[in-house]
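# Structural description and commentary
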Amino acid sequence: MSIQVQNVSKRFGSFQALSDISIDIESGELIALLGPSGSGKTTLLRILAGLEGLDEGAILFDGENITGVSPKERKIGFVFQHYALFRHMTVFDNVAYGLKVRPRKERPSKAEIAKKVNELLSLVKLDNLADRYPSQLSGGQRQRVALARALAVEPKVLLLDEPFGALDAKVRKELRRWLRKLHNEFHVTSIFVTHDQEEALDVANRIIVMNNGKIEQIGTPDEVYENPKSPFVYDFLGNVNLFRGRLHNGKLTQGQFEIDVPTYLDSHEEAVGYVRPHDIHIEKVQTSNDTVAATIVHIHLLGPVVQIELKRDDIDEYLEAEVTKEHFNQLGIKKGDIVYIRPKQLKVFIPEDFSI
Amino acid sequence: MELTLKKRNKKTIIPGFSLTLGYTMLYLSIIVILPLSMIFFNTFSMSWSEFYETISHPRAVASYKLTLGTSLGAGLINVVFGTIIAWVLIRYEFPGKKIVDGLVDLPFALPTAVAGIALATLYSPNGWVGQFFDFKIAYSPLGIIIALTFIGLPFVVRTVQPVLQNLSSEVEEASASLGANRIQTFTKVIFPELLPAMITGFSLAFARSLGEYGSIVFIAGNIPMKTEITPLIIMTKLEQYDYVGATAIATVMLIGSFLFLFIINIIQWVTNRKFNQH
Ligand SMILES: Nc1ncnc2c1ncn2[C@@H]1O[C@H](COP(=O)(O)OP(=O)(O)O)[C@@H](O)[C@H]1O
Ligand SMILES: [Mg+2]
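As the structure is a computational prediction, the values presented were derived from the model and not from experiment.

Let us now look at the sheet that holds strand β2 (residues 15-25) of chain A. Residues and elements named next belong to chain A. A sheet is described by the order of its strands in space; here 4 strands give the open sequence β2-β1-β4-β5, paired in antiparallel fashion. Strand pairing shows two members of the sheet lacking a second neighbour, β2 and β5 (64-65), which therefore form its edges. Relative to strand β4 (residues 56-61), strand β1 (residues 3-12) runs antiparallel, the two sharing 5 bridges. In the strand pairing of β4, I3 is matched with F61.

Now the structure itself:
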């Protein structure tokens, strides 16, 4: 099912939780709603599910305006952040619930319900725990019950609120992979909320970055990571180094240090260059004057990527660089060495771009 | 190695277990078991046939039935209305909510005799309320049920209220998003969550009703075989210096109450089990 969110605003008292949100989601997409805590992700998800009303705007499912339709009628599967399982029901009964409450005419027979529930339970690998109560399960198992319960009603849209939030790292990874696999099999339009950028980049086919109740950027993981539209998105998706300076004649000047930025031709007294750690070039001897000297403060040797912490010699600022192990070995640098760095690629934002 | 680990795990993490347990046992012995054993002890001065005759006297048997019946009735009424009151107090905002909340505790605070006199005046055949009814309310079992409902009200409200408070609205939302209507959500999701608290409230109100005396004697009329409750029979016997007879009846009440509470506890244990397993 395709979803259109049209100019949705939501206020809690005097607090503007969402302002003018518009999103187009195609049928079968797997979308991540990414943003810091309090940015309105849950609120948006709840509005989509009909659990929360909206002040302005409209929600369309398959082109049909369902803004006033009750959650019961929306045919969505909602997985709550804290699972919201029915404590007094077994795992089996939890999953069967959505089928059992159907009006008599649409309700499958007992045998059909049992078959369906058992299928779902084996899908989430909980077949042998059907008779347990939620209190007897681990966090990851509860999460899977919640998912199976939502899937049982064959929803047209699956909404998941921080589905992996409360789980430990290993279980998270596993469930993440599993959610992607599930989505590949069922192609049900899915939106999941997360505040973990790695999770969003890894799982989703499109990411919606939110901040302060507004959408900062919508795009594929590649687009938002490689081409962030705002300083916020740059900052939120991964580590970043800042070069503050003056923008003039296609150059970002910072004291003696000049960086060529030919695509930015207007002048600004204040501008900030954003550079990802892996876009920092390091050399041991100065070959050109567009580099700046820095001292290596720390080296993290972790797997194939080497993280290097540097301190600029001219100003009191720290930088983070990432190089491949191979390149690191070629460089032959060690802690305490003075090296020369240069941003290979940088994106400049002027203060007007900062939405604060 | 594994053995020692296991042993250590068995120990509870909370310190002072043996101390608190010892204290609990001592306390219960002095406060509860000692006085109760005196009741049994006193009845030993009776012969078995004397004892049997006393406790199976038609007046006594009628009073057992009355006490039990009215206590059950009042307990059930309180379960229904107490739950509704708790619901209203938790789910809705309205002016004067704090006052209503405070009123619920009044039956606890009021001397039961005051409640009894007030109720008797209200419900007597020419009282404010009683005059509108063709049948007797005061001086009938109905009057007793009213008095017991009054004194038992706080129990259900105060046990259900916190459970309802802690019941996350997400569970209800989950139910709705799975396609359940409001009635289904209530009967299948909310009610089962409340049931253990309702049973607790019921058993407290019921136990309190079994032994209630002060509020009933005024409204009951105390007609032998009709509106005479068991505690009153005990009082009457005491006033006639028939201590042994009084304790014999008391023994029946004691064993009866114990049995009922025991059964209720079993029911409670069964309904609670699923929530507490880990
Ligand atoms: N029912 C509510 N009443 C008042 N404020 C709310 C309510 N729900 C959410 N908020 C506020 O709206 C903001 C966004 O909340 P939420 O959507 O839960 O953020 P997120 O899920 O991104 O962390 C928060 O500041 C929160 O305090
Ligand atoms: Mg949230």
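Here the narrative resumes.
Turning next to the UniProt feature "domain: ABC transmembrane type-1" (unreviewed entry) in chain B. Within the UniProt annotation, "domain: ABC transmembrane type-1" (unreviewed entry) is assigned to residues 64-264 of chain B. Here residues 64-264 of chain B runs as 78% helix and 0% strand, with 19 Å between its end C-alpha atoms.

Moving on: the UniProt feature "domain: ABC transporter" (unreviewed entry) in chain A. UniProt feature "domain: ABC transporter" (unreviewed entry): in the numbering of this structure it lies at residues 3-237 of chain A. Overall, residues 3-237 of chain A shows 36% helix and 26% strand. The separation of its end C-alpha atoms is 25 Å.

Right, let's get into the nonpolar core. The nonpolar side chains of a soluble globular protein tend to be buried, and buried together. By size, the foremost hydrophobic cluster in this structure holds 47 residues, and its most contacted members are A:V95, A:L121, A:F192 and A:I207. Looking at this core element by element, the count peaks at 7 residues for helix α4 (residues 139-152) of chain A. Setting aside its immediate chain neighbours within four residues, A:F192 contacts A:L30, A:I31, A:A32, A:L33, A:L160, A:P163, A:L179, A:E199, A:A200, A:V203 and A:A204. Of all hydrophobic cores here, the second largest spans 39 residues; its members include A:L33, A:I66, A:V157 and B:A174.

All right, on to the sheet that holds strand β13 (residues 257-260) of chain A then. The strands that make up a sheet are held in pairs by hydrogen bonds between backbone atoms, and each pair lies either parallel or antiparallel. Residues and elements named next belong to chain A. Taking strand neighbours across the sheet as the criterion, the 5 strands line up as β13-β12-β11-β14-β20 in an open arrangement whose pairing is antiparallel. In this open sheet, the two strands that pair with only one neighbour each are β13 and β20 (347-349). Shown here is a sheet whose adjacent strand axes are inclined to one another by a mean of 40°, direction ignored.

With that settled, the discussion passes to the layout of surface pockets. Residue and element names in this part refer to chain B. Put simply, the largest pocket is a space of about 450 Å³. As for the largest pocket, its lining consists of 16 residues, and the residues nearest its centre are E172, E173, A176, R182 and T185. For the lining of the largest pocket, the secondary-structure elements that each account for two or more residues are α4 (58-91), α9 (169-177) and α10 (182-211). Tallied by class, residues from the lining of the largest pocket come to 7 nonpolar, 4 polar and 5 charged.

Bringing the site of ligand 1 into the picture now. Residues and elements named next belong to chain A. Within the structure, ligand 1 sits among F12, F15, A17, P36, S37, G38, S39, G40, K41, T42 and T43. Within the contact set of ligand 1, an oxygen atom lies 2.5 Å away from a side-chain nitrogen or oxygen of T42. Burial of ligand 1 by the protein amounts to 59% of the accessible area it has alone, namely 560 Å². At the level of elements, β2 and α1 (41-49) are the ones that each hand at least two residues to the shell around ligand 1. Considering every element that reaches the shell around ligand 1, the biggest residue donor is α1, with 3 residues. Partitioned by chemical class, the residues of the shell around ligand 1 number 4 nonpolar, 6 polar and 1 charged.

Cut-offs used in this document
As a convention, each chain's residues are numbered from 1 in the sequence order in which they are written. Labels are handed out in written order, letters beginning with A for the chains and numbers beginning with 1 for the ligands. Where totals are concerned, whole chains, interfaces and linings use all residues; where local detail is concerned, this predicted model gives features only for residues with pLDDT of at least 70, and gives and counts side-chain atom pairs only at 80 or more. Where side-chain values are given, they derive from all heavy atoms of the structure, hydrogens and water being excluded. Two strands form a pair only when DSSP identifies at least two bridges running between them. Going along the chain from the N terminus, every DSSP run of H or I of four or more residues is numbered as a helix, and every run of E of two or more is numbered as a strand. UniProt positions are given in the numbering used here, feature names are shortened, and annotations may be inferred rather than shown by experiment. In this text, buried Ala, Val, Leu, Ile, Met, Phe, Trp, Tyr and Cys residues form a nonpolar core when linked through side-chain atoms within 4.5 Å. Three labels apply to residues, based on accessible area from a 1.4 Å probe with only protein chains included: buried if under 20% of the type maximum, exposed if over 50%, partly exposed otherwise in between. What makes two residues a contact is simply this: any of their non-hydrogen atoms within 4.5 Å. A fitted line through C-alpha atoms serves as each axis, taken over the contacting stretch for helices, and the angle formed by two N-to-C directions is quoted from 0 to 180°. Here a cavity means grid points, on a 1 Å grid over the protein atoms only, where a 1.4 Å probe fits yet cannot get out; a pocket means an open set of points with protein on both sides within 12 Å along at least five of seven lines; lining residues are those with an atom within 4 Å of a point. Grid points are joined across faces, edges and corners, and a volume is the space filled by probe spheres set on the points. Following the grouping adopted for this structure description, the nonpolar residues are Ala, Val, Leu, Ile, Met, Phe, Trp, Tyr, Cys and Pro, the charged ones are Asp, Glu, Lys and Arg, and the polar ones are all others, Gly among them. Residue proximity to a molecule or strand is established when one non-hydrogen atom of the residue lies within 4 Å of it. N or O atoms within 3.5 Å of each other form a polar contact, as long as, within protein, one can give a hydrogen and the other can take it, and as long as residues adjacent in sequence are counted only when both atoms are side-chain atoms. Accessibility throughout is a Shrake-Rupley quantity obtained with a 1.4 Å probe, and a residue counts as covered only by protein chains that appear here.

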